[in-house]
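One-letter residues, chain by chain:
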Amino acid sequence: MSINRVKLNLMRAGKALLFFMFPMIAQANATPPLQLLACGWQNLSIFEYNGEALKETWAFIRNEYEGFPKKPEIAKQFNTLDECKPFDGGDRILVTSSDDGVGIIDRKDKKFTYIGKVRNAHSAELLPGNKIAVAGSYGSDKLVIFNGKTGDIIDTSPLPAGHGVHWDAERQQLIALAYKDIRIFTFTDIQSDTPGLRLVKTIALGEGGGHDLALIPTTDSFHVSTDNTAWQYEAGSHKLQPHPVLEGQSHLKAISTHRDTQQLLWLKADKGVWWSYSIRVYSPQTAKHQQFEVLRPYYKVRWIDSDVRSSTGLFE
């Protein structure tokens, strides 16, 4: 065989190899899709977002989870999910329901832990020492502290139309959202069975209808929504400023910022109802707004990102 013929065959083989390897190289270099959590009614789903579309990759099927209440009167407490907070990379999800239920879903082990009942529960948070804080809305109007292991209520404080709660580990304080204000609580001893919940500060909102409270990762600030607009609350200075992107948007049920991409995930209720068949994403780098239609109604949306906290030391 001539040298030229050998060179030609090698070139052809090289091109063929590149042809077959190119999809693998492209796949290896592709940006992995982002993950988000959505809940509302009995629906609890994880979606992948690739920049152009949403794809549902997981859904909670309650009868497949060990420990989910068998008694109908308790099971129905989870018929209207209104909060879903991811922990441990999304392996654990803390949920509340307007039908009064509070629980923890362990996706990895397919287990459900029933925490307890709070009238019109609207948000919850894991606290140090195996404690759980729950914000109860209309008809309850209080902040409730549970012993997460026994299900006993160990402390309460008034919280009119409570809708949000977040543990500020740096300042060792609990931030809670009420109808017309943000309330700051501390504890005498958070590790104790009698933690001594104390209200230490109240920050008035610009209007009524406090609805969502969500930390903006890597900052000291929080997204806050009210009836007719959105705000940013700065925990260090206690300042409340109009939201730079969502000011003037009414009936916002959820706002979430992705730690790595800074993309804004949000949900606005459809006209006349408290849920939506749309999930929205705003990309600040391109100022691009996207609205995705989904098959089921949802109420809260949260990114599952590198800022998703560990439950270690909070709930064992």
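Bear in mind that the values here come from a model prediction, so they are computed numbers and not experimental data.

### Section: the state of the cysteines
Two cysteines form a disulfide when their sulfur atoms are joined by a covalent bond.
Then, number 1: Overall, the coordinates contain one disulfide when judged by the stated rule.
Then, number 2: The disulfide partner of C39 is C84, and the gap between their sulfur atoms is 2.4 Å. In this structure, the disulfide formed by C39 and C84 twists by about -85° around the S-S bond and is classed as left-handed. Taken together, the positions of C39 in strand β1 (residues 34-40) and C84 in strand β4 (residues 81-87) put the pair 45 residues apart, joining distant regions of the chain. Taken as a pair, C39 and C84 share a single burial class, namely buried.

### Structural notes on the confidence of the model for the chain
Then, number 1: Summarising the model, the chain shows a mean pLDDT of 91, and 88% of its residues fall at 70 or more.
Then, number 2: Contacts from residues 16-28, a stretch scored under 50 in pLDDT, to residues over four places away or in other chains number zero contacts.

### Notes on the pairing of strand β5 (residues 92-97)
Then, number 1: Burial within β5 is extensive, with six of its six residues counted as buried.
Then, number 2: Of the two faces of β5, the one carrying R92, L94 and T96 and the one carrying I93, V95 and S97 are both buried.
Then, number 3: As judged from the six bridges shared by β4 and β5, these two strands associate in the antiparallel manner. Within β5, the position partnered with E83 by the bridge is T96.
Then, number 4: Connecting the antiparallel pair β4 and β5 is a turn made up of four residues, with D88 showing a positive phi of about 55°.
Then, number 5: Note that β5 and strand β6 (residues 101-106) share five bridges and pair antiparallel. Each bridged residue has a counterpart across the sheet, and for I93 the counterpart in β6 is I105.
Then, number 6: Where β5 hands over to β6, the hairpin turn is made up of three residues, of which D100 adopts a positive phi near 95°.

### Here's the deal with the nonpolar core
Then, number 1: Core analysis: the largest hydrophobic core is formed by 17 residues, its most contacted members being L44, F60, I93, V95 and I105.
Then, number 2: Looking at this core, the elements that each hand over two or more residues are β1, β2 (43-49), β4 and β5.
Then, number 3: When neighbours within four sequence positions are excluded, L44 is seen to be in contact with L37, A38, C39, W58, A59, F60, L81, C84, I93, V95 and I105.
Then, number 4: Counting residues in each nonpolar core, the second largest holds 16 residues, with Y49, V294, V301 and W303 among its members.

### A look at the packing of aromatic side chains
Then, number 1: Counted according to the given criterion, the structure contains 17 aromatic pairs.
Then, number 2: On the basis of an interplanar angle of 70° and a centroid distance of 5.8 Å, the ring pair of Y49 and F292 is categorised as edge-to-face. Of this pair, Y49 sits in strand β2 while F292 sits in strand β23 (residues 288-298), and the two are 243 residues apart along the sequence. Across the pair, F292 and Y49 agree in class, each one buried.
Then, number 3: Where W274 meets W275, the ring centres are 5.0 Å apart and the plane angle is 85°; that geometry is what we call edge-to-face.
Then, number 4: Judged by its relative accessible area of 29%, W274 is partly exposed.
Then, number 5: The structure contains a cluster of three or more aromatic residues connected by ring pairs, namely W58, F60, Y65, F68, F78, F112 and Y114.
Then, number 6: Taking the ring centre of W58 as reference, the NZ or CZ of R107 above it sits at 4.6 Å.
Then, number 7: In this structure, R280 packs its charged tip against the face of W266, placed 5.1 Å from the ring centre.

Quick notes on the rules
- Residues numbered from 1 in each chain as written.
- Predicted model: local features only at pLDDT ≥ 70, side-chain atom pairs only at ≥ 80, totals over all residues.
- Heavy atoms only, no water.
- Disulfide = S-S within 2.5 Å.
- Helix = DSSP H or I, 4+ residues; strand = E, 2+ residues; numbered from the N terminus.
- Buried < 20%, exposed > 50% of the residue type's maximum accessible area, 1.4 Å probe, protein only.
- pLDDT = per-residue confidence, 0-100.
- Contact = heavy atoms within 4.5 Å.
- Pairing = 2+ DSSP bridges.
- Core = buried A, V, L, I, M, F, W, Y, C linked by side-chain atoms within 4.5 Å.
- Phe/Tyr/Trp six-rings, centres within 6.5 Å; stacked < 30°, edge-to-face > 60°.
- Lys NZ or Arg CZ within 6 Å of the ring centre and 35° of its normal.

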